[in-house]
Amino acid sequence: MLRALSGLTTRGRCLLAAGIAAAVCSFVLNERDLLRVAIFVVALPLLVAAFISATRLRIGATRTLRPQRVAVGGNGEVQLELWRSGRLPAGEILLEDGVPYALGTRPRFVVERLPHDRRVALRYPLQPVLRGIQQVGPLRATITDPFGLCEFERELIGHSRLVVVPRVVSLWGLPSGAGIGVGDDGTVRLHAGQGEADVIVRQYRQGDDLRKVHWRSTARRDEIMVRVEERPWRGGTTVLLDHRAAAHHGAGPAASLEWAVSFAASAALHLRRAGHRVRLVSEHGATLADTPGDGGDHYDHVVLDALAALQPAHQRDITLAGDPAEGQELIAVLGTVSTEAVHELTQFRPRGIRSLAVLLDTPTWSAGVSAPEQRAAATEDSAALLRAAGWGVIVAGPGSPMPQVWAELCRSGARRGTLIGGPR
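Figured I'd write up the structure that's included with this text. Treat the numbers as computed from the prediction; the structure is a model and nothing was measured. (Residues numbered from 1 in each chain as written. Predicted model: local features only at pLDDT ≥ 70, side-chain atom pairs only at ≥ 80, totals over all residues. Heavy atoms only, no water.)

### A word on the pairing of strand β3 (residues 76–84)
Part 1 of the reasoning: Relative to β3, strand β1 (residues 59–66) runs antiparallel, the two being bridged by eight bridges. Of the residues in β3, the one forming a bridge with G60 is W83.
Part 2 of the reasoning: Note: β3 against strand β6 (residues 120–126), seven bridges, orientation antiparallel. Residue pairing across strands places V78 opposite Y124, the latter belonging to β6. (Pairing = 2+ DSSP bridges. Helix = DSSP H or I, 4+ residues; strand = E, 2+ residues; numbered from the N terminus.)

Okay, here's the thing in structure tokens:
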């Protein structure tokens, strides 16, 4: 009863107090008619509170995210289903689902009558503007009676996980001779059986053609094995992403870090779909994702999920203990880098292996300009140091189209250091 009384609204409490006052006055004045009115006035909010308290326990709901992985700027949808499992009718229900500001506005629904024999379907859109692992929920229901005397809040559903991946831009072309990863530009080597009489097999990966299953090896090893046919062998490419908070400017979706993450995602997926093994590493050489050059879309999701969960690092500068690309070709997406950071990046890189860099002119993300004549002096110095070490460098500003930056990067052997794009 105490829990039921806790749901009384201000109107219900005032009506209850008025009924008690009328009952006291009826005893003082010896008025039986006033006592009857007082009993009715006191009983009404108590009965309503007991009724609402009983019906709120018989309401269920489900939430479905479609899809569960959405790109920044894409569209998603949340589907809710509400039903009543008890025989008692439910009053008016106000539903409010918790939606972070990065996913859109918080939806509210009013269900006046909840039928017993079917489910009520509700939908609302999601429009994510910022990548990350977002939590949708909880779904709260406020149940009220038609007189507004009593209301109860109840959490129907907890949190649901939504992965907001970075925006991926379509790119064209590859750096000439890219994909070898050992310095012998344009050479193609065969990954053959090295004289084995039997076929070469490996473990099954999601997306492999089931027609290539080698049943004899599968039966012998008690796991699915597939044939590896002779084909041109390609080395890998390492994409290095500088995600230090101190290296970037701006906030929210327009920050330079978000541009860098989106470009790294676009480059990694473009190279992987071209048949390259792609390693995605941080500015300290830590592996964020490692994907083969074959297989299905599962490996694209590995890259995107790793970047969706990526948070700014708090280290002030770059420190490496070796070559971050481990002998592969390197494409570095860099924020503001000091002379010491450039030395860390270049000292372990052999000159015979391709090293490319997209250097963000991060001060322009705060100033709102991106013209070459307004480029920061520190950016120019860093670009000059990288070029002197044999790197191909493209400087990008906030208005730089990613496909054009990539095209210039592919041609960086002939044209280096041009700032792409004008003011936003």
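### A few points about the pattern of salt bridges
Part 1 of the reasoning: Applying the stated criterion across every chain yields a total of 14 salt bridges.
Part 2 of the reasoning: We note a salt bridge from E81 to R119, for which the minimum N-O separation is 3.0 Å. Linking E81 in strand β3 with R119 in the loop between β5 (108–111) and β6, this pair joins segments that are 38 residues apart in sequence.
Part 3 of the reasoning: Since its relative accessible area comes to 32%, E81 is described here as partly exposed. (Salt bridge = Lys/Arg side-chain N within 4 Å of Asp/Glu carboxyl O. Buried < 20%, exposed > 50% of the residue type's maximum accessible area, 1.4 Å probe, protein only.)

### Considerations on the pairing of strand β18 (residues 329–334)
Part 1 of the reasoning: Along β18, six of the six residues are buried, which leaves the element largely enclosed by surrounding structure.
Part 2 of the reasoning: Burial along β18 is two-sided: E329, I331 and V333 and L330, A332 and L334, pointing in opposite directions, are all buried.
Part 3 of the reasoning: Bridge analysis of strand β15 (residues 236–241) against β18 gives five bridges, and the strand direction is parallel. Paired with L241 across the strands is V333, a residue of β18.
Part 4 of the reasoning: With five bridges joining them, β18 and strand β19 (residues 355–360) adopt parallel strand pairing. What sits directly across from A332, in β19, is A357.
Part 5 of the reasoning: Where the polypeptide runs from β18 across helix α7 (residues 339–347) and back to β19, its parallel neighbour, the crossover connection is right-handed. (Right-handed = clockwise from strand over helix to strand, strands pointing away.)

### Section: the sheet that holds β6
Part 1 of the reasoning: Taken together, three strands build an open sheet; the order of strands is β1-β3-β6 and the sheet is antiparallel. The open sheet has two edge strands, β1 and β6, and neither has a second partner. For this sheet, the mean angle separating the axes of adjacent strands, direction not counted, is 20 degrees. (Axes fitted to C-alpha atoms, helices over the stretch in contact; angles between N-to-C directions.)

### Focus on helix α2 (residues 10–29)
Part 1 of the reasoning: Across its 20 residues, α2 extends 28 Å between first and last C-alpha, which sits within 8% of the 28 Å expected from 1.5 Å per residue.
Part 2 of the reasoning: When α2 is considered as a whole, its buried residues turn out to be G12, L16, G19, A22, A23 and S26. The buried side chains of α2 occupy one side of the element, clustering within an arc of 120 degrees when seen end-on. Exposed side chains of α2 directed beyond 90 degrees from the buried face belong to T10, V28 and L29. (Expected span 1.5 Å × (residues − 1). Arc of directions from axis to C-beta.)

### Details of the packing of aromatic side chains
Part 1 of the reasoning: Counted under the stated rule, the structure contains four aromatic pairs.
Part 2 of the reasoning: The interplanar angle of 55 degrees and the centroid separation of 6.4 Å between the aromatic rings of F263 and W406 together place this pair among those described as tilted. With F263 in helix α5 (residues 256–273) and W406 in helix α10 (residues 402–410), this pair connects stretches of sequence that are 143 residues apart. We note that F263, like W406, is buried.
Part 3 of the reasoning: Feature note: the residues W259, F263, W365 and W406 constitute an aromatic cluster, connected by ring pairs.
Part 4 of the reasoning: Looking at R119, its charged tip hangs above the ring of W83, at a distance of 4.0 Å from the centre. (Phe/Tyr/Trp six-rings, centres within 6.5 Å; stacked < 30°, edge-to-face > 60°. Lys NZ or Arg CZ within 6 Å of the ring centre and 35° of its normal.)

### Quick look at the side chain of T291
Part 1 of the reasoning: Relative to the assigned elements, T291 resides in strand β17 (residues 287–291).
Part 2 of the reasoning: With a relative accessible area of 1%, T291 lands in the buried category.

### Topic: α7
Part 1 of the reasoning: Every buried residue belonging to α7 is among A341, V342, E344, L345 and T346, and all of these are buried.
Part 2 of the reasoning: For α7, the elements touching its buried residues are β15, β18 and α9 (377–388). (Contact = heavy atoms within 4.5 Å.)

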